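# A structural walkthrough
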Protein chains: 2
Amino acid sequence: LSQIKQSWQVRTAHPVSYDMVFCHDLFDPGNGALLTTEGEQGGRRRFVVVDRNVLNHHGAAIDRYFQKNDIIACIHPLEAGEDNKSPSQLKAVLSALDTFPINRRNEPIIAIGGGVVTDLVGFAASIWRRGVPRINVPTTLMGFVDAAIGVKTGINFNRNKNRLGSFSPPDRVLLDSSFLQTLPKRHLLNGVAEILKLAIVKEPDLFSLLEQHGRHCIEVHFQDSISQAILSMSVDSMLTELAPNLFETELARVVDFGHTFSPALEMHADMDLLHGEAVLIDMLLSSIIAWKRSLLSRSDLDRIFSLVLTLRLPLSSKGLQPNMLMQSLIERQHHRNGVQRMPLPTGIGSCCFVKNITLEDINQAVTYLHRWLQDRHFEYGHQNHERIFQRGPRGN
Amino acid sequence: LSQIKQSWQVRTAHPVSYDMVFCHDLFDPGNGALLTTEGEQGGRRRFVVVDRNVLNHHGAAIDRYFQKNDIIACIHPLEAGEDNKSPSQLKAVLSALDTFPINRRNEPIIAIGGGVVTDLVGFAASIWRRGVPRINVPTTLMGFVDAAIGVKTGINFNRNKNRLGSFSPPDRVLLDSSFLQTLPKRHLLNGVAEILKLAIVKEPDLFSLLEQHGRHCIEVHFQDSISQAILSMSVDSMLTELAPNLFETELARVVDFGHTFSPALEMHADMDLLHGEAVLIDMLLSSIIAWKRSLLSRSDLDRIFSLVLTLRLPLSSKGLQPNMLMQSLIERQHHRNGVQRMPLPTGIGSCCFVKNITLEDINQAVTYLHRWLQDRHFEYGHQNHERIFQRGPRGN
């Protein structure tokens, strides 16, 4: 009995593979992009979750698309908005799936919408039958450059942002910028904040492009060729950063810039902030802290603030409670395994990580931001002040 | 602008690594097995989910263990039983986690219990913060040879067995057979069914050992050396089968033997079957179908049935509805991507996969099983008949 085996080691690797491609005319029945699945003969059924607003614009075209392609499609509408990134909406999607049986491998779920839709559907797809394939079609700028192209899925839980979720890659991401044509301005600017994030801590060329062309790109809803270049650079930059660290083995992440204080801001119902709006406030507070600590030069800090003005990003310091921001940092510290690892910019295109941010740092930064906004009020007058604070309707 | 990048491919692999080890005296404060995390300095907090029955036996020892090791432990009791493998119990675990913050990497969740506990806690750990480490301590035979040693986690949903879950490896599995000492007989036999599964389709030597020693091992609650050998062979056989196909890339799985009809049986509230009891019925029906199709010899079929009698496994054909079994097969067909891929034994230690099982096959098998049980009644008399049907209390 001495030869009885007493211990075992399992060592293997799970291959991860997914594709992203710029495309157009997705709902043209002759375009097979939505139906192709890599390496597997496609089945005849599709479960399709579509943002309610997108359905209003494209519902008929979507129905026709599947009909013409002889596919039995179950269209499940999902209301957008952070409040719907919830356990109850997740349950609704999972229950709908249970009543519309699809094969486990060759009938991928299709998610068409913004970050809320692709995050929630991604999570549903990753846990239904322990994971079925899915295709992401982002229809917002936030989805295009951020939510839809990574492997992170999730929902909010107990008022904690993305508390439940998975690292689960989509099979394909179809990037069609024509959806941005009808995207409300507030939601365009929401995505611009994530582009700005990459520009500040990682891409000086992208930062310059935004300085020169950003305002114009927003005006034309990212439909011209310079916009395409900016979108492509943003996607490329994000993937270059994500791909080597897809499962967050390394917890000090450049892309976490702007994502330390923002979860609490975004989950604060009274503030009514979109993700990008919360990230913007966090980026500015972080930049001020970096400057106060002599990690960032005064001129670079000014360049960042100037670009925010140029792009007319909605910004307010209303309701910013230093204690709440500290709580968010403490929460993120658990997420970063007990160390703050807070990204701070050290110039346009570079950053470092610090682990000793104090409540006093946060106090100073909030005071600075508050005064800066007040100064703008006096400097530019009421009209401009309103513009700084302006926000459009929520819900896409 | 012709150089704008239009498509991207992400190709990588996610390393998977976990260990299993036979051990004893887990709650001896000097034993560090429960506290060690591979490669990471351990934090001082632990979230520990424990089967209520185990807590009754070992609660004081568990408290003392963490106290003596200067660990702040949150003990979350979980009722066992298939009914508790539910969304509501999952939510309770996740909410408890939210109120007891642990670091994301160096404070692994500890699951102590049977398959319900390790499956549910494994799922919770895999989605909380998109996945935190965990340690499995199986306390039932089913957990020891099956549930706790693989990477499949899950809960039931809408009366579908394991409909929601993940492929998520534990970090460590601590195998202490002394827990089996106090395991009720019914739950011992529950695990024996899974050992029998491996023996029939994969391990002729294990089958012979069960014929010779199985009855004795059950009597001594798997506490002697021959029992240790059988446990070790079972774990080894299971891992040999699982490891090369950890994420079910291959859908024709030998370990699916007995798992085609059983999900419906197990989810059928009136039948009140444990997992292994449902698997046993499925294995016998599958074996009968294999014999009727001349895939399995009469003598091998008899050997299988004889061993079931020898081991005194609880068995009944009561409530077996061929239509319900067919529905289960159709459901499994979706799970196996549109093809039945049903494992049937072709001898003691081998199997094949078939894709054309009909309702008539099922009808014949149910009739045969029913008659066989009736014959046993007359042949062995009432006392033995009762023993065949006998089941102990549920709930561990």
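In what follows, the accompanying structure is described. Think of each chain on its own: its residues are numbered from 1, step by step along the sequence as written. Labels follow written order: the first chain is A, the first ligand is 1, and so on. Owing to the predicted nature of the model, reporting of local features is limited to residues with pLDDT of at least 70; listing and counting of side-chain atom pairs is limited to 80 or more, with chain, interface and lining totals taken over all residues. Remark: hydrogens and water are excluded; side-chain values derive from all non-hydrogen atoms of the structure.

Here a helix means four or more residues in a row that DSSP labels H or I, a strand means two or more in a row labelled E, and each is numbered from the N terminus. Along the backbone of chain A there are twelve helices and ten strands. Computation of the radius of gyration draws on C-alpha atoms alone. For the globule rule, the value is 2.2 Å times the number of residues to the power 0.38. Against the compact-globule benchmark of 21 Å for 396 residues, chain A has a radius of gyration of 22 Å, which places it among compact chains. Principal-axis analysis of the C-alpha atoms gives chain A an extent of 70 × 60 × 35 Å. Going through the 396 residues of chain A one by one, you find that 61% of them count as buried. To be clear on the numbers: accessible area is Shrake-Rupley with a 1.4 Å probe, and residue cover counts the displayed protein chains and nothing else. With an accessible surface of roughly 14,800 Å², chain A has 48% of that area assigned to carbon and sulfur atoms. Positive: Lys, Arg. Negative: Asp, Glu. His and the chain ends are not part of the count. Positions of charges follow a simple convention, taking NZ of Lys, CZ of Arg, CG of Asp or CD of Glu. Averaged over its 41 positive side-chain charges, chain A has a centre that lies 5 Å from the centre of its 41 negative ones. Here's how the labels work: a residue is buried when its accessible area is under 20% of the maximum for its type, exposed when over 50%, partly exposed in between, all with a 1.4 Å probe on protein chains only.

This brings us to the packing of aromatic side chains. Residues and elements named next belong to chain A. Side-chain rings of Phe, Tyr and Trp, where Trp is taken by its six-membered ring, are said to pair if the distance between their centres is within 6.5 Å; with planes under 30 degrees apart they count as stacked, over 60 as edge-to-face, and otherwise as tilted. Scanning all chains against the criterion turns up 16 aromatic pairs over all chains. Their ring planes at 65° and their centres at 6.1 Å tell us that Phe167 and Phe247 sit as a pair that is edge-to-face. Note that Phe167 is positioned in strand β7 (residues 160-167) and Phe247 in the loop between α7 (225-242) and α8 (262-267), a separation of 80 residues in sequence. Centre to centre, the rings of Phe305 and Tyr368 are 6.2 Å apart; their planes meet at 65°, and the pair counts as edge-to-face. Residue Phe305 is located in helix α10 (residues 298-311), and its partner Tyr368 is located in helix α12 (residues 359-389); the two are separated by 63 residues in the primary sequence. Pair check on accessibility: Phe305 and Tyr368 agree, each one buried.

Before going further, it helps to examine the pattern of salt bridges. We define a salt bridge as a contact between a side-chain nitrogen of Lys or Arg and a carboxyl oxygen of Asp or Glu at a distance within 4 Å. All told, the structure shown has 48 salt bridges over all chains when counted by the stated rule. For Lys161(A), the salt bridge identified is with Glu82(A), shortest N-O distance 2.7 Å. Taken together, the positions of Lys161(A) in strand β7 and Glu82(A) in the loop between β3 (72-78) and α2 (87-98) put the pair 79 residues apart, joining distant regions of the chain. Both residues of the pair, Lys161(A) and Glu82(A), belong to the buried class. Note that Lys202(A) and Glu203(A) form a salt bridge whose closest N and O atoms lie 2.9 Å from each other. Given the relative accessible area of 17%, Lys202(A) is considered buried. Salt bridges sharing partners connect three or more residues here, namely Arg104(A), Lys152(B), Glu248(B), Arg253(B), Asp256(B) and Arg336(B).

Before going further, it helps to examine unusual backbone geometry. Non-glycine residue Asn162(A) carries a positive phi angle of around 50°. Tracing the backbone through its elements, the reader meets Asn162(A) in strand β7. Positive phi outside glycine occurs at Arg341(B), with the angle close to 40°. Along the chain, the position of Arg341(B) falls in the loop between α11 (322-335) and β9 (342-347). Taking relative accessible area as the criterion, Arg341(B) reaches 22% and is therefore assigned partly exposed.

Let us now look at the pairing of strand β9 (residues 342-347) of chain A. Residues and elements named next belong to chain A. When you tally the buried positions in β9, you get five out of six residues, the bulk of the element. Here β9 pairs with strand β10 (residues 350-354) via five bridges, running antiparallel. By the bridge assignment for β10, Met342 is matched with Val354. Hairpin connection from β9 to β10: two residues lie between these consecutive antiparallel strands, with Gly349 at a positive phi of about 105°. Whether two strands pair comes down to DSSP finding at least two bridges between them.

On to the interface of chain B and chain A. Reports of interface size often rely on the accessible area that becomes lost once the parts have come together. Residues are treated as being in contact if the distance between any of their heavy atoms lies within 4.5 Å. The interface of chain B with chain A comprises 69 residues on the first partner and 69 residues on the second. Joining two parts hides part of their accessible area as seen by a 1.4 Å probe, and the buried area is that hidden amount summed over both. Buried surface at the junction of chain B and chain A, both sides included, amounts to about 6,300 Å², of which 52% is carbon and sulfur. Where chain B meets chain A, there are ten salt bridges. Its salt-bridge partner being Asp19(A), residue Arg11(B) comes within 2.9 Å of it at the nearest N-O pair. Between N or O atoms, a polar contact is any pair within 3.5 Å; within protein, one atom must be a potential hydrogen donor and the other a potential acceptor, and residues adjacent in sequence are included only when both atoms are from side chains. Remark: the boundary between chain B and chain A carries 53 residue pairs in polar contact (both at pLDDT 80 or more).

This brings us to the side chain of Asp119(A). Residues and elements named next belong to chain A. For Asp119, the location among the structural elements is in helix α3 (residues 115-127). Classification of Asp119 as buried rests on a relative accessible area of 8%. Those residues within four positions of Asp119 in sequence are excluded, and the remaining contacts are Lys85, Ala147, Lys152, Thr153, Gly154 and Asn162.

Our next topic: the relation of the copies chain B and chain A. With an RMSD of 0.0 Å, chain B superimposes on chain A once it is rotated by 180° and translated 0.0 Å along the axis. The superposition operator between the copies reduces to a two-fold rotation axis. Taking C-alpha positions as the reference, the residue of chain B nearest the rotation axis is His14(B), at 2.4 Å. In this assembly, 100% of the residues forming the interface of chain B have copies in chain A that are likewise at the interface, indicating an isologous arrangement. Copies are brought into register by a least-squares superposition over C-alpha atoms of residues with pLDDT of at least 70 in both.

Here we come to helix α3 (residues 115-127) of chain B. Residue and element names in this part refer to chain B. Multiplying one less than the number of residues by 1.5 Å gives the expected span of a helix. A rise of 1.5 Å per residue sets the reference length of α3, with its 13 residues, at 18 Å; its end C-alpha atoms lie 18 Å apart and thus fit the reference within 8%. By the criterion of burial, α3 is predominantly enclosed, with 13 of the 13 residues buried. A positive phi of about 55° marks Arg129, the residue just after α3.

Attention shifts here to the sheet that holds β3(A). The strand order β3(A)-β2(A)-β4(A)-β5(A)-β8(A)-β1(A)-β1(B)-β8(B)-β5(B)-β4(B)-β2(B)-β3(B) describes an open sheet built from twelve strands, whose pairing is mixed. Each edge of the open sheet carries a strand with a single partner, namely β3 of chain A together with β3 (72-78) of chain B. For this sheet, the mean inter-axis angle between neighbouring strands, taken without regard to orientation, is 20°. Pairing geometry for strand β1 (residues 7-22) of chain B and strand β8 (residues 172-175) of chain B, over four bridges, is parallel. Comment: axis = line fitted to C-alpha atoms, over the contacting stretch for helices; angle = value between 0 and 180 degrees taken between N-to-C directions.

Turning to the pairing of β8(B), a few remarks are in order. Residues and elements named next belong to chain B. Going residue by residue along β8, you find Arg172 and Leu174 tucked away on one face and Val173 and Leu175 tucked away on the opposite face as well. Sheet topology note: the strand β5 (residues 134-138)/β8 ladder contains two bridges and is parallel. Bridge pairing links Ile135 to Arg172 in β8.

On to the packing of helix α5 (residues 185-201) of chain B against helix α9 (residues 275-292) of chain B, then. Residues and elements named next belong to chain B. Their axes nearest at 8 Å, the elements α5 and α9 cross at an angle of 35°. For the pair α5 and α9, the sense of crossing is left-handed. Between α5 and α9, the contacting residues are Arg186, Asn190, Ala193, Glu194, Leu196, Lys197 and Ile200 on the first element and His275, Gly276, Glu277, Val279, Leu280 and Met283 on the second. Gly falls in the polar group here, along with every residue not listed as nonpolar (Ala, Val, Leu, Ile, Met, Phe, Trp, Tyr, Cys, Pro) or charged (Asp, Glu, Lys, Arg). Among the residues making up the contact of α5 with α9, the classes are represented as six nonpolar, three polar and four charged. Definitions for this section: a left-handed crossing has its near helix turned counterclockwise from the far helix by less than a right angle. A right-handed crossing has that turn clockwise.

Bringing the side chain of Thr118(A) into the picture now. All names here are of chain A. Summarising the element assignment, Thr118 is placed in helix α3. Residue class for Thr118 comes out buried when judged on its relative accessible area of 2%. For Thr118, the contacting residues outside a window of four places in its chain are Ala111, Gly113, Arg134, Asn136, Ala147 and Ala148.

This part covers the environment of Thr240(A). Within the element layout of this structure, Thr240(A) appears in helix α7. Overall, the relative accessible area of 49% leaves Thr240(A) in the partly exposed class.

This part is about the nonpolar core. Remark: nonpolar core denotes a set of buried residues (Ala, Val, Leu, Ile, Met, Phe, Trp, Tyr, Cys) joined through side-chain atoms within 4.5 Å. Counting residues in each nonpolar core, the largest one holds 86 residues, and the members touching the most others are Leu141(B), Leu196(B), Phe222(B) and Leu369(B). Ranked by residue count, the leading element in this core is α9(B), at ten residues. Grouped together as the second largest cluster of nonpolar side chains are 85 residues, Leu175(A), Val192(A), Ile200(A) and Leu273(A) included.

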